[in-house]
Amino acid sequence: MDNFEFFNDTRIIFGRGAEDRIGALTARYSKSILWVYGGSSIKRTGQYDRVAASLKAAGVGYTELPGVMPNPRLSLVYEGIRLCREKDIGFVLAVGGGSAIDTAKAIAIGAVYDGDVWDFFEEKTEPVKTLPVGTILTIPAAGSESSTSSVITKEEGQIKRPINYTLLYPKFSILDPELAFTLPKYQMACGATDILSHLMERYFTNSSDVELSDRLIESTFKTVMHNLPTVLEKPDDYSAWAEIMWSGTVAHNDLFSSGRECDWGSHAIEHQLSALYDVAHGAGLAVITPAWMKYVYRHDVGRFAQFANRVWNIDVDFFHPEKTALEGIARLEHFLHSIGLTTSLRELTGDDTRLEEMADRCTDGDSSTVGKFIPLHRQDVLAVYRLAL
């Protein structure tokens, strides 16, 4: 196990009716807030009225910033920064999934920075302060409600980049499984795939003696797989949603990263896909992750065989462990198909003409590598895209 320091600053408020506390929780930080959310669903489900009533009852004034889209855009971040400065806003509230939360985090660090917030995404500098952020989670997926990350797409050049800083931890996050009841099935499947990918990015590691986190990851993976078919069939199953929602949070709050090197190659490769084609992140990961696995599994056949055995209950063929490893990858693909996703890049995008462009963008023209399990150069990334076709 590697040396590590674990810290997570996010307070989690979990369960039925937790959303009703948003006014009191927010009022501790500011009486003037920016409320970031997506589209019409928040009003159609009645959530908008509930949140507004709670904020007003607590004496919290709010400025609204709707319009968050999947693969959240830098232009809306700029608009949020402008509003925060003009209205002397002291807190940013995100209501939604990872896109709303990532937008809120980027606004929060940009509002108190004299330069361009994109400087952080280009690694020109690091943020030293931020407005506090709170969240009401509606889509279990990205884990941004309790993570250090934000991923934003710059429309000019279609560039999608992540940042990770400990000051991006939200101050609190409200998790009420009932808020997921109205999600479309496709969003459910994409969200669950994002959760599974967060687990796999941590699982496939070069670190040794990590049995505890191995088994935590394996059990969380199996929990999501066990409960997802239930909510796809019965969207108002509170117990199943509770398991998925909490799994999504712990999958990305860095507990499972402790003491181990993580990969993040699949995420880096997928970001080019969703930046250029604007596909759902989870849908892109369903395409890229199995292809990545097929390309790298020989680096540590034993770990892939362990994944097959412990997650998919496949008997290990000790004389042919490679066969076991490949069967585990095949089972993952089968599961993704069973929940309505494709593992074919061509089928997802309808195009196969931009593979070299994506490989260039992913590796900055082969001047850098992605991933830690095996550092991938441009030709490696291109091979993954081709395997994904």
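That block above? That's the structure.
Novice: Tell me what's going on with the overall build of the chain, and back it up with residues and numbers.
Specialist: The secondary structure content of the chain amounts to 16 helices and eight strands. Its C-alpha atoms give the chain a radius of gyration of 20 Å, within 12% of the compact-globule value 21 Å for 389 residues. Each of the three principal axes of the chain carries a C-alpha extent, and together these read 70 × 45 × 45 Å. When the 389 residues of the chain are sorted by exposure, 57% land in the buried category. In the chain, of all internal contacts separated by at least 6 residues, the share reaching a separation of at least 24 is 76%. Total accessible area computed for the chain in this model is approximately 15,900 Å², and 49% of it derives from carbon and sulfur atoms.

Novice: For the side chain of Thr-324, give the residues involved together with the corresponding values.
Specialist: Inspection of the secondary structure assignment puts Thr-324 in helix H13 (residues 321–338). Since its relative accessible area comes to 3%, Thr-324 is described here as buried. At a separation of 2.9 Å, a polar atom in the side chain of Thr-324 contacts the main-chain amide nitrogen of Asp-317. Dropping the residues within four chain positions of it, Thr-324 is found in contact with Ala-305, Ala-308, Ile-314, Asp-315, Val-316 and Asp-317.

Novice: Run through unusual backbone geometry, naming residues and quoting values.
Specialist: Despite not being glycine, Asn-313 has its phi angle at roughly 60°, a positive value. On the secondary structure map, Asn-313 appears in the loop between helix H12 (301–312) and H13. Assessed through its relative accessible area of 55%, Asn-313 is described here as exposed. At Asp-364, a position not held by glycine, the phi torsion is positive, near 50°. By secondary structure assignment, the location of Asp-364 is in the loop between helix H15 (355–362) and helix H16 (378–388). Here Asp-364 falls in the partly exposed class, since its relative accessible area comes to 48%.

Novice: So what's going on with the packing of helix H11 (residues 281–296) against H16? Residues and values would help.
Specialist: At a closest axis distance of 8 Å, the pairing of H11 and H16 adopts a crossing angle of 120°. Where H11 crosses over H16, the handedness of that crossing is right-handed. Packed against H11, whose contacting residues are Val-287, Ile-288, Ala-291, Trp-292, Lys-294 and Tyr-295, the element H16 presents Asp-380, Ala-383, Val-384, Tyr-385, Leu-387 and Ala-388 at the interface. Along the lines of polarity and charge, the residues of the contact of H11 with H16 split into ten nonpolar, no polar and two charged.

Novice: Summarise the environment of Arg-44; cite the residues concerned and give the values.
Specialist: Mapping Arg-44 onto the fold places it in helix H2 (residues 41–44). Expressed as a C-alpha distance, the spacing of Arg-44 and Gly-365, which sit 321 residues apart in the sequence, is 45 Å.

Novice: Can you lay out H12 for me, pointing to particular residues and giving the numbers?
Specialist: One full turn of an α-helix is made of 3.6 residues, so residues set three or four places apart face in the same direction. Between the first and last C-alpha of H12 there are 16 Å, a value that for twelve residues agrees with the 16 Å anticipated at 1.5 Å per step. Taken as a whole, H12 has its buried residues at Val-301, Arg-303, Phe-304, Ala-305, Phe-307, Ala-308, Val-311 and Trp-312. For H12, the secondary structure elements touched by its buried residues are helix H7 (185–203), helix H8 (211–233), H11 and H13. In the stretch just after H12, Asn-313 is the one whose phi turns positive, near 60°.

Novice: Tell me what's going on with the side chain of Thr-343, and back it up with residues and numbers.
Specialist: Note that Thr-343 resides in the loop between H13 and helix H14 (345–349). Side-chain polar atoms of Thr-343 contact the side chain of His-337, separated by 3.0 Å. Every residue in contact with Thr-343, bar those within four places of it in the chain, is listed here: Ala-286, Val-287, Pro-290, Glu-333, Leu-336, His-337 and Ala-388.

Novice: So, the packing of aromatic side chains: which residues are in play, and what are the values?
Specialist: Summed over the entire model, instances satisfying the criterion amount to 25 aromatic pairs. Measuring from ring centre to ring centre gives 5.2 Å for Trp-35 and Tyr-62, while their planes differ by 80°; the resulting arrangement is edge-to-face. Placement of the pair is Trp-35 in strand E2 (residues 32–36) and Tyr-62 in strand E3 (residues 61–65), with a sequence separation of 27 residues. Residue classification places Trp-35 among the buried residues on the basis of a relative accessible area of 0%.

Novice: Can you lay out the environment of Glu-261 for me, pointing to particular residues and giving the numbers?
Specialist: Position of Glu-261 among the secondary structure elements: in the loop between helix H9 (238–250) and helix H10 (265–277). Residue Glu-261 is classed as partly exposed on the basis of its relative accessible area, which comes to 29%. Measuring from C-alpha to C-alpha, the distance between Glu-261 and Phe-204 comes to 8.6 Å, with 57 residues separating the pair along the chain. Apart from residues no more than four positions distant in its own chain, Glu-261 is found in contact with Asp-2, Arg-202, Thr-205, Asn-206, Ser-207 and Lys-372.

Novice: Can you tell me about the pattern of salt bridges, naming the residues and giving the values?
Specialist: Within the structure shown, the criterion is met by 20 salt bridges. A salt bridge links Arg-303 to Asp-214, with the nearest nitrogen and oxygen atoms 3.0 Å apart. Linking Arg-303 in helix H12 with Asp-214 in helix H8, this pair joins segments that are 89 residues apart in sequence. Here Asp-214 falls in the buried class, since its relative accessible area comes to 4%.

What counts as what
- Residues numbered from 1 in each chain as written.
- Predicted model: local features only at pLDDT ≥ 70, side-chain atom pairs only at ≥ 80, totals over all residues.
- Heavy atoms only, no water.
- Helix = DSSP H or I, 4+ residues; strand = E, 2+ residues; numbered from the N terminus.
- Rg over C-alpha atoms; globule rule 2.2 N^0.38 Å.
- Buried < 20%, exposed > 50% of the residue type's maximum accessible area, 1.4 Å probe, protein only.
- Contact = heavy atoms within 4.5 Å.
- Areas by Shrake-Rupley, 256 points an atom, 1.4 Å probe, with all protein chains shown as cover.
- Polar contact = N/O pair within 3.5 Å; in protein donor to acceptor, adjacent residues only side chain to side chain.
- Axes fitted to C-alpha atoms, helices over the stretch in contact; angles between N-to-C directions.
- Left-handed = near helix turned anticlockwise from the far one by under 90°.
- Nonpolar A, V, L, I, M, F, W, Y, C, P; charged D, E, K, R; others polar.
- Expected span 1.5 Å × (residues − 1).
- Phe/Tyr/Trp six-rings, centres within 6.5 Å; stacked < 30°, edge-to-face > 60°.
- Salt bridge = Lys/Arg side-chain N within 4 Å of Asp/Glu carboxyl O.

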